[in-house]
Every structure is written in structure tokens, then in C-alpha cells.
Amino acid sequence: MKLKLFRKADIIIIAAVIAVSGVFILLNSFDDSSLNAEITVNGKLYETVDLNAVNGKRVIIPDTDPHVVIVAEKGKIRFESAECKDKICVKAGNLTHKGDVAVCLPSGTVISITDSATDAVTY
Amino acid sequence: MKNNIAYKTALGAILCAQAIALSFLEGLIPAIPFMPPGAKPGFSNIITMFAADSLGFPMAMIITLVKSGFAFITRGATASLMSLSGGVLSTVIMYLLIRYASEKTGLTGISVIGALCHNAGQLFCSAILTGNSKTFYYAPVLAVFAVLTGVLTGVILKAVYPALEKQKKYLFHIH
């Protein structure tokens, strides 16, 4: 085997990856001014929920196959249950910060938390 | 005799079985709280990397393809596509690094880049499947996780490399 376990470039690679992703994670977690959850099904916007304006519990069931149940509460949103096998979207838990995202691949449903200010420009 | 088709088939089958066994076993590890949802350590990459270094590109790619075929049978089309998109990209890049850049990068670096490529392939695939590019929000957390698992699998491969080489020779002796 000609491969060594560690070489100098490895440290540079690891440091660069951690630095770049660290910056993105920090940028996303500091910005909590507005919380808008976007629910898209197969690429089409299904609904935008203003999480700061939700009173009590709101249940959203988009028309998808397999079915997914989304629950929005003040400041957070999550996949409550899904009829698929692996339940990766449910395991993602509550989305509370800008940049948080939960994906249910079998049903093509994505919940992502966005900044309402940028949305105003986008739409 | 090492170019014998029967020898290659047998060795390939054993390596595929080992890769599949590893990905099954890592599925039994309970979810760690801070772990990104759906993220896995990718231990079967130990076998793919070994194949890419010791047996060449075709064998590494065959293992990747068989693995995604197994995902299709056991976990369905979506899982299989995810396995394929991540696996093919990371296998190609890892092979190129081993072949042309092993003077500069070590096992750890190649393994980390392999894990990153696996993520990148899967993120592109899930963006296409969901029609929503917001899936890329996952990227930074996944990248940090890829560094941890990449280092881990790199170190494990270094430790088991002699055993995998021995397995190669052992099979040769039976013949």
C-alpha cells in the first residue's frame, strides 16, 4: 500500500471544510428576526407559514403519496408523522432556525425556514 | 491466475457482501442527538476505498453499483437512487485521488473528500427529486459530519488494510 494515513494536505482539507461550514452554520443560527416556513411539494410551493404568528397548534396535511403530517407551533414546525419506511423527515425534529430544513424524499415534501425579507424580494 | 474471471468474481462477491454487511450494521447504530437526520457513517466506504486502491476502478464501481442494487431491493427506489448518486460520484473522485494525488493526500484526506462527494451527489439528487434546492441548507452540517466520519473510516481502513490484502491472497491459494 502506497497510501499513508496522514499527509499535510489532509489537515488543510479538514481545516478548510470545517472553517467554511462553520461560517455558514453560524450565519444561519444568528439570524432569528423572522421565521417563515416554506412547505414545497415536488418543487411547487404548497404553503408559507409565518411561525411567529401561529397560535396554538396547526396541522397541515399536504396532498402527497405517502401521506405526511406537518405540525406548526409558535416558532417551530416539524413533520409529525409520515407513512414512509425510514421516517428521516420525522427524525429531523423541530425546525426552529433560519436555514433549518427537513426533507421527505418519498413524498417530495420539503419544509425550509426562510427569511421573510428575502422572500419579499424573491416573489 | 489472478486475472482469472472466476477469481475476480469470487473476490468481488466477497467484497460486495462485506460492503453490504457494513452498511447494514451501521443502520443498527441508534441515532445520536446532534447527528443530522439521515446521515450515516458510511463504513462500507472502507471496502470501496480498498477496492479502488488495491483492485482498480472497475471493482470499486461494481461494489458501489451492487450496494445500490441491494438498497433497491431492501429499501426501495428512493434509497437506491440516493445510494447510487452519492456512491458513483465519491467512487470516481476517490479513485482519481488515489491514482493521481496520493503523493499529496493521505488516506484520511481521500476518505474525507469521498464522504463530501457522497453528500454532494446525494444533495443534488434530493434537490432534483424534490424540485427544491433548499435541500442544500443541509450541506454545512453534513460537511462537518463528513469530516468526522471520513477521518474515522480512513483510520479504520489503515487498520484493516493488511487483513483485506490477506483475504485477497487467501482466496488465491484456494484456487
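Refer to the structure printed above.
Residues numbered from 1 in each chain as written. Chains lettered and ligands numbered in written order. Predicted model: local features only at pLDDT ≥ 70, side-chain atom pairs only at ≥ 80, totals over all residues.

**Digging into the overall build of chain A**
In plain terms, the rule: Here a helix means four or more residues in a row that DSSP labels H or I, a strand means two or more in a row labelled E, and each is numbered from the N terminus.
Tallying secondary structure elements over chain A gives 3 helices and 7 strands in all. Listing the helices and strands of chain A from first to last along the sequence gives α-β-β-β-β-β-α-β-β-α.

**Comments concerning the packing of helix H1 (residues 5-26) of chain B against helix H3 (residues 57-75) of chain B**
All names here are of chain B. Defined as follows: Whenever a helix is involved, its axis is fitted only over the stretch in contact; in every case the axis is a line through C-alpha atoms, and angles between N-to-C directions fall within 0 to 180 degrees. Roughly parallel means an angle under 35 degrees; roughly antiparallel means over 145; roughly perpendicular covers 65 to 115; every other angle is labelled oblique. It is the rotation of the near helix from the far one that decides the hand of a crossing: anticlockwise by less than a right angle makes it left-handed, clockwise makes it right-handed. Whether two residues are in contact depends on their C-beta atoms, placed from the backbone: they are in contact if these lie within 7 Å. Here the term charged refers only to Asp, Glu, Lys and Arg, the term nonpolar to Ala, Val, Leu, Ile, Met, Phe, Trp, Tyr, Cys and Pro, and the term polar to all other amino acids, Gly among them.
Remark: H1 packs on H3, axes separated minimally by 9 Å, with the N-to-C direction vectors making an angle of 50 degrees. It follows that H1 is oblique to H3 by the angle criterion. Of the two elements, H1 crosses H3, and the hand of that crossing is right-handed. Between H1, through Gly12, Leu15, Cys16, Ala19, Ile20 and Ser23, and H3, the contact on the second element is made entirely by Met59, Ile62, Ile63, Val66, Lys67 and Phe70. Within the contact of H1 with H3, the residues separate by chemical class into 9 nonpolar, 2 polar and 1 charged.

**Regarding the sheet that holds strand E1 (residues 36-41) of chain A**
All names here are of chain A. Our working rule: Two strands are counted as paired when DSSP detects at least two bridges linking them.
Read from one edge of the open sheet, 4 strands run E2-E1-E7-E6, paired in antiparallel fashion. With one partner strand each, in any of the chains shown, strand E2 (44-50) and strand E6 (101-104) form the two edges of the open sheet. Going across the sheet, the axis of each strand differs from the next one's by a mean of 15 degrees, ignoring polarity. The sheet contact formed by E1 and E2 spans 6 bridges and is antiparallel. Opposite Thr40, over in E2, you have Leu45 as the bridge partner.

**Things to note about the interface of chain B and chain A**
Facing the 36 residues of chain B at the interface are 31 residues of chain A. Elements that contribute at least two residues to the side of chain B that touches chain A include exactly helix H4 (77-100), helix H5 (107-130) and helix H6 (139-174) of chain B. Looking at the side of chain B that touches chain A residue by residue, the classes come out as 17 nonpolar, 14 polar and 5 charged.

**Quick look at the nonpolar core**
Threshold: Nonpolar cores are built from buried Ala, Val, Leu, Ile, Met, Phe, Trp, Tyr and Cys residues. These are joined into a set through C-beta atoms within 7 Å. For the exposure call, what matters is how many other C-beta atoms sit within 10 Å of a residue's own: 20 or more marks it buried, 12 or fewer exposed, and in between partly exposed, using C-beta atoms placed from the backbone.
Of all hydrophobic cores here, the largest spans 67 residues; its most connected members are Cys89 and Ile111 of chain A together with Leu116 of chain B. Top element by residues in this core is H5 of chain B. It accounts for 11 residues. Non-local contacts of Cys89 of chain A, meaning those with residues more than four positions away in its chain, are made with Val68, Phe79, Ala82, Ala102, Val103 and Cys104 of chain A.

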